[in-house]
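Breakdown of the fold
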Amino acid sequence: MNSVGEGCTDLKREYDQCFNRWFAEKFLKGDRSGDPCTEMFKKYQVCVQKAIKDKDIPIDGVEFMGPNKEKPES
Amino acid sequence: MVKYFSCFGVLKSSWDQVFIAFWQRYPNPYSNHVLTEDIVFREVTPDNRLISRRLLTKTSRAPRWAEPYLPVQMSRCAYIMEDSIVDPQTKTMTTMTWNISHARLLSVEERCVYGVNPENGSWTQIKREAWISSSLYGLSRAFQEFGLARFKSSVTKTMKGFEYVLAKMQGETPSRTLAETAKEATEKARETALAAKEKAKGLASQAQKKQYV
């Protein structure tokens, strides 16, 4: 998939590939021997966070799992 | 007023396969409306859960009847936020998804809990809940109904997309039946015909106007 920042797609794909392998082969199996994708993630984040700022996308407005208030089952 | 919807779904794959597929499910033949996908936050918590925030851009089409009420230059894209928690110990994944664009018009919040299917341990079940609301004066009910109908059809697409990606991961040729392909072609033809009809109408009325000038 493409990144929202046109120039970030390559960094994103490189990171995704690393993440998917780590997720399947380490994380899900309970192996906590360090994350090999940290550096790639940092580079990708520098790029994508700038793109988000430039495009004015409000991603920080809501806390994590944000709208997950207890809602009525109406 | 908020409209509430809930349903259960089952994927005939194990929980770990489904969780892996969750991060690889775009693009798939049922996700043409998804334009971009980004992780904007990710962390492993001290109790070994993976928390992520994903930002998606999707095309968003308003229903035709609503167009006269909407701003002309309204964006055809919508930003969607998706937070998730993956817990390998309990074999569960919880996601919370909501739109950050056009939210006054139509707000859709969805919570999914993925877990092992109690009847068949090698399958995965998904409990899906959605809250749909609109603050548009006078049209909120109509928008809610539209939102609910669209949400339901998007659930079908999501599940099909998931099945496609899972089949691909497991090395099968994903099945897109002839019937499905044919149905899509029919729908597309219908849309084209409709568009042509509207265009013809427009041209006809223009021609009429010219006559009277």
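Calculation rules
Residues numbered from 1 in each chain as written. Chains lettered and ligands numbered in written order. Predicted model: local features only at pLDDT ≥ 70, side-chain atom pairs only at ≥ 80, totals over all residues. Heavy atoms only, no water. Contact = heavy atoms within 4.5 Å. Buried area = accessible area lost by both parts, 1.4 Å probe. Salt bridge = Lys/Arg side-chain N within 4 Å of Asp/Glu carboxyl O. Helix = DSSP H or I, 4+ residues; strand = E, 2+ residues; numbered from the N terminus. Nonpolar A, V, L, I, M, F, W, Y, C, P; charged D, E, K, R; others polar. Disulfide = S-S within 2.5 Å. Phe/Tyr/Trp six-rings, centres within 6.5 Å; stacked < 30°, edge-to-face > 60°. Buried < 20%, exposed > 50% of the residue type's maximum accessible area, 1.4 Å probe, protein only. Expected span 1.5 Å × (residues − 1). Core = buried A, V, L, I, M, F, W, Y, C linked by side-chain atoms within 4.5 Å. Pairing = 2+ DSSP bridges.

1. Overview of the interface of chain B and chain A
Listed per partner, the contact involves 46 residues of chain B and 38 residues of chain A. Between chain B and chain A the total buried area reaches about 3,400 Å² when both faces are included, carbon and sulfur atoms providing 64% of it. Counting every contact that joins chain B to chain A gives one salt bridge. The salt bridge involving glutamate 37 of chain B is made with lysine 12 of chain A; its shortest N-O contact spans 2.9 Å. When contributions to the side of chain B that touches chain A are tallied by element, the ones reaching two or more residues are α1 (15-22), β2 (34-44), β3 (50-59), β4 (77-87), β5 (92-99), β6 (107-116) and β7 (124-133) of chain B. In terms of residue count, β2 of chain B provides more of the side of chain B that touches chain A than any other element does, 10 residues in total. Among the residues making up the side of chain B that touches chain A, the classes are represented as 27 nonpolar, nine polar and 10 charged.

2. A few points about the state of the cysteines
Residue and element names in this part refer to chain A. For the structure on display, the rule yields two disulfides over all chains. Covalent S-S linkage joins cysteine 8 and cysteine 47, the inter-sulfur distance amounting to 2.2 Å. The S-S bond linking cysteine 8 to cysteine 47 shows a torsion near -85 degrees; that makes this disulfide left-handed. Taken as a pair, cysteine 8 in the segment before α1 (9-25) and cysteine 47 in helix α2 (residues 38-54) lie far apart in primary sequence, 39 residues in all. Across a sulfur-sulfur distance of 2.2 Å, cysteine 18 and cysteine 37 are joined as a disulfide pair. When the S-S torsion is -90 degrees, as for the bridge of cysteine 18 with cysteine 37, the disulfide is left-handed. On the criterion of sequence distance, the pair formed by cysteine 18 in helix α1 and cysteine 37 in the loop between α1 and α2 is long-range, its members being 19 residues apart.

3. Here we look at the packing of aromatic side chains
For the structure shown, the criterion picks out 18 aromatic pairs over all chains. The interplanar angle of 75 degrees and the centroid separation of 6.4 Å between the aromatic rings of phenylalanine 41 of chain A and tyrosine 44 of chain A together place this pair among those described as edge-to-face. Placement of both phenylalanine 41 of chain A and tyrosine 44 of chain A in helix α2 is noted, with a separation of three residues, approximately one turn of the helix. For the residue pair phenylalanine 41 of chain A and tyrosine 44 of chain A, the accessibility class agrees, reading buried in each case. Taking the centre distance of 5.7 Å and the plane angle of 80 degrees together, the rings of phenylalanine 5 of chain B and phenylalanine 151 of chain B count as edge-to-face. With phenylalanine 5 of chain B in strand β1 (residues 3-11) and phenylalanine 151 of chain B in helix α2 (residues 140-169), the pair connects residues that are 146 residues apart, well separated along the chain. The same class applies to phenylalanine 5 of chain B as to phenylalanine 151 of chain B, namely buried.

4. Thoughts on α1 of chain A
Along its 17 residues, α1 of chain A runs 24 Å from first to last C-alpha, staying within 8% of the 24 Å computed at 1.5 Å per residue. Among the residues of α1 of chain A, those classed as buried are Thr9, Lys12, Tyr15, Asp16, Cys18, Phe19, Asn20, Trp22 and Phe23 of chain A. In this fold, the buried residues of α1 of chain A make contact with α2 of chain A together with α1, β2, β3 and β4 of chain B.

5. As for α2 of chain B
An ideal rise of 1.5 Å per residue puts 44 Å on 30 residues; α2 of chain B measures up with 42 Å between its terminal C-alpha atoms. Within two residues after α2 of chain B, glycine 171 of chain B carries a phi angle of roughly 80 degrees, on the positive side.

6. Thoughts on the nonpolar core
One finds Phe23 of chain A together with Phe19, Val86 and Tyr114 of chain B to be the most contacted residues of the largest nonpolar core, which totals 61 residues. Top element by residues in this core is α2 of chain B. It accounts for 10 residues. When sequence neighbours within four positions are dropped, the list of residues in contact with phenylalanine 19 of chain B reads Phe23 and Leu28 of chain A together with Val86, Lys91, Thr92, Met93 and Tyr114 of chain B. Within the second largest apolar cluster, six residues are counted, among which are Tyr26, Val34, Leu56 and Ala78 of chain B.

7. Considering the pairing of β6 of chain B
Residue and element names in this part refer to chain B. Of all 10 residues that make up β6, eight are buried, and the element is covered over most of its length. Direction of pairing for β5 relative to β6: antiparallel, over a ladder of six bridges. The partner of tryptophan 98 across the bridge, within β6, is glutamate 109.

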